[in-house]
Amino acid sequence: MSELDQGTPPPPPQPAAPPPATPVGSFDFNRPTIIGLLYAGSLITGVSGLIGLVLAYVWKAEPHEPWEATHYTYLIRTFWIGLAASVLGVLTMLILIGFPILLLACVWVIVRTVVSLVKAQQRAPMPDPLTLLF
């Protein structure tokens, strides 16, 4: 027998550190991320945002992790408020106020989508999903 086998107990196992939410250098395609990417794509296609809205309503009704619920509320509100602001912008284009309204609505939707994407990658809930700001 070696010296290690005689009377020296093995060291206690060290508790494993929890893995990070998303491994460093990778991109997590969770449900809120997919919706956010569809919203971002709607700036080019114009239609994918509607697909994202439908998915948000469907996935909100299914079982999900608690942090995802705040993202669904946040993203659904982003769509409807963004759509209302866009309609208002189009209706007021005749009096030249519509152009800045459309620009602001576009920037607002982009910022809210990016904020949701960042939080979804961290698997963190949205701090205030009912806010009109960011």
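Residues numbered from 1 in each chain as written. Predicted model: local features only at pLDDT ≥ 70, side-chain atom pairs only at ≥ 80, totals over all residues. Heavy atoms only, no water.

A. Molecular detail of the overall build of the protein chain. When its secondary structure is counted, the protein chain shows four helices and zero strands. The helix and strand sequence of the protein chain, counted from the amino end, reads α-α-α-α. For the protein chain, the residues scored as buried account for 32% of the 134 residues in total. Across the protein chain, the fraction of contacts at a sequence separation of at least 24, relative to all contacts at a separation of at least 6, is 62%. Total accessible area computed for the protein chain in this model is approximately 8700 Å², and 76% of it derives from carbon and sulfur atoms. (Helix = DSSP H or I, 4+ residues; strand = E, 2+ residues; numbered from the N terminus. Buried < 20%, exposed > 50% of the residue type's maximum accessible area, 1.4 Å probe, protein only. Contact = heavy atoms within 4.5 Å. Areas by Shrake-Rupley, 256 points an atom, 1.4 Å probe, with all protein chains shown as cover.)

B. Region of interest: helix α2 (residues 48-61). Compared with the 20 Å implied by 1.5 Å per residue over 14 residues, the 20 Å span of α2 between its first and last C-alpha is a close match. What α2 keeps buried is the set S48, G49, G52, L53, A56 and W59. One side of α2 carries all its buried residues, which in axial view fall inside an arc of 150°. Here the buried face of α2 lies against α1 (31-45) and α3 (66-91). (Expected span 1.5 Å × (residues − 1). Arc of directions from axis to C-beta.)

C. Summary view of the environment of P100. In this structure, P100 sits in helix α4 (residues 98-121). In sequence terms P100 and G89 are eleven residues apart; their C-alpha atoms lie 7.7 Å from each other.

D. View of the packing of aromatic side chains. Considering all chains together, one arrives at three aromatic pairs under this definition. Centroid distance F27 to F29: 5.0 Å. Interplanar angle 70°. Geometry classified as edge-to-face. The exposure class of F27 is partly exposed, given its relative accessible area of 43%. With relative accessibility at 55%, the residue F29 sits in the exposed group. Aromatic side chains Y39 and F79 sit 6.2 Å apart centroid to centroid with 40° between the ring planes, which places their arrangement in the tilted category. Taken together, the residues Y39 in helix α1 and F79 in helix α3 connect sequence positions 40 residues apart. (Phe/Tyr/Trp six-rings, centres within 6.5 Å; stacked < 30°, edge-to-face > 60°.)

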